[in-house]
Amino acid sequence: MQALWMLAAAFFFASMAVCVKFASEYFNSAELVCYRGLLGMLFMWALARTRSIPLATRFPGMHMWRSLVGVISLGAWFYAIAHLPLATAMTLNYMSSVWIATFLVGGALLMGLLPARGDSVAREATSVGAGLSQGPLVLTVITGFIGVIMMLRPTIEQNQAFAGLIGLMSGLLAAFAYMQVMALARVGEPETRTVFYFAVGSAVAGSAGMLVAGISEWPGKPALWLIPLGVLASLGQLCMTRAYSLAKTRSATLVVANLQYSGIVFGAVYSLVLFGDRIPLIGWAGMALIVASGIAATVLRARAAPGSPAEEH
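Let me sum up the structure you'll find in this document. (Residues numbered from 1 in each chain as written. Predicted model: local features only at pLDDT ≥ 70, side-chain atom pairs only at ≥ 80, totals over all residues. Heavy atoms only, no water.)

Quick notes on the overall build of the chain
Reasoning step 1: In terms of helices and strands, the chain carries 13 helices and 0 strands.
Reasoning step 2: Listing the helices and strands of the chain from first to last along the sequence gives α-α-α-α-α-α-α-α-α-α-α-α-α.
Reasoning step 3: Looking at the chain as a whole, 49% of its 313 residues qualify as buried.
Reasoning step 4: Taking the intrachain contacts of the chain between residues at least 6 apart in sequence as the baseline, contacts between residues at least 24 apart amount to 92%.
Reasoning step 5: A total accessible area of about 14,700 Å² is found for the chain, and carbon and sulfur atoms account for 71% of it. (Helix = DSSP H or I, 4+ residues; strand = E, 2+ residues; numbered from the N terminus. Buried < 20%, exposed > 50% of the residue type's maximum accessible area, 1.4 Å probe, protein only. Contact = heavy atoms within 4.5 Å. Areas by Shrake-Rupley, 256 points an atom, 1.4 Å probe, with all protein chains shown as cover.)

Considering the nonpolar core
One recurring pattern in soluble globular proteins is that nonpolar side chains are buried together.
Reasoning step 1: Judged by nonpolar contacts, the single largest core of 61 residues is most densely connected at Leu32, Trp77, Phe78 and Ile81.
Reasoning step 2: Among the elements that take part in this core, helix H1 (residues 2-23) stands out by supplying 11 residues, more than any other.
Reasoning step 3: One finds Leu47, Ala48, Leu55 and Val195 within the second-largest nonpolar core, a separate group that totals 7 residues. (Core = buried A, V, L, I, M, F, W, Y, C linked by side-chain atoms within 4.5 Å.)

Section: unusual backbone geometry
Reasoning step 1: Positive phi, close to 60°, is recorded for Ser52, a residue that is not glycine.
Reasoning step 2: Residue position: Ser52 is located in the loop between helix H2 (29-50) and helix H3 (60-83).
Reasoning step 3: For Ser52, a relative accessible area of 63% gives the class exposed.

A word on a nonpolar patch on the surface
Reasoning step 1: Judged by side-chain polarity, Val265, Val269, Leu272, Val273 and Leu274 come together as a nonpolar surface patch covering roughly 450 Å² of accessible area.
Reasoning step 2: Within the secondary structure, Leu272 sits in helix H12 (residues 262-273).
Reasoning step 3: Assessed through its relative accessible area of 40%, Leu272 is described here as partly exposed. (Patch = residues over 30% accessible without salt bridge, like charges linked within 9 Å, V, L, I, M, F, W, Y side chains within 5 Å. Salt bridge = Lys/Arg side-chain N within 4 Å of Asp/Glu carboxyl O.)

Regarding the packing of aromatic side chains
Reasoning step 1: Taken as a whole and judged by the stated rule, the model has 12 aromatic pairs.
Reasoning step 2: Plain terms: the ring middles of Phe22 and Trp225 are 4.6 Å apart, the flat faces sit at 15° to each other, and that makes the pair stacked. Of this pair, Phe22 sits in helix H1 while Trp225 sits in the loop between helix H9 (191-213) and helix H10 (226-246), and the two are 203 residues apart along the sequence.
Reasoning step 3: The exposure class of Phe22 is partly exposed, given its relative accessible area of 24%.
Reasoning step 4: Where Tyr35 meets Trp218, the ring centres are 6.4 Å apart and the plane angle is 90°; that geometry is what we call edge-to-face. In this pair, Tyr35 sits in helix H2 while Trp218 sits in the loop between H9 and H10, placing the two residues 183 residues apart along the sequence.
Reasoning step 5: The class for Tyr35 is buried, based on a relative accessible area of 18%.
Reasoning step 6: For Trp218, a relative accessible area of 53% translates into the label exposed.
Reasoning step 7: Over the aromatic face of Phe275 sits the side chain of Lys21, whose NZ or CZ is 5.8 Å from the ring centroid.
Reasoning step 8: The ring of Phe198 carries Arg66 above its face, with NZ or CZ at 4.2 Å from the centroid. (Phe/Tyr/Trp six-rings, centres within 6.5 Å; stacked < 30°, edge-to-face > 60°. Lys NZ or Arg CZ within 6 Å of the ring centre and 35° of its normal.)

The structure is reproduced here in structure tokens:
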């Protein structure tokens, strides 16, 4: 059942991206972030009441930092969805696991460069051991970025190059946001509360962004895309939470974590069927490499930090 819940979550997140794609013709990214936050806030407030989870927190600063980074990532992803093929934008956002592996490698290298106590032989042995233990992570990172190069190849349309960089940045910032979610989980914050404050931050930051980017003329019926956008995002988060709560063993948790990449498959189907996007073979191969490296990074991360919370999309 946990696998089915995760597949449902991936489907809802991909469907939310479709709504973003359609709504982006009438609203800017700041507006979409704001409206998604408002609807998500209402949904998570109702869920918290149903589960009798108090929304008061002892860690407002941690929630503020998580919301700030997460909102910027969300806005960048919405921009990428509006200007790139849907499958490409989805894949770049799912690079977060590879970015986390990059941070782990960089941290290990930095620690290896710092002076350590003890004689030089002990320091050298520690450095070699750390290098060997980081081998799989290094390979994962290299594979992921080769996939990015293949997907955002030099022949990409000039007007999509900037959007590609923004999409890549959305995955990078999503990794920072995820690490803050892990920190909140360690201090005992329930995921419902964390998601609620992220929705609040999205509504506030989106409103502030609208003061800079402006407010679009209300389009009438096309504005109805905003409703499924917020509802699908909340349903995706709810299904993902349910999937992880049902995964009682380490192997089950790994299966659930890796099934999140089915969102890229759903996004690719939508991209072909609804928008007629034509991605060359090298682009599909790049996506496959990114998915493979993301799965490997997820497995390696689960070994290092078992019981990690779910990633959000």
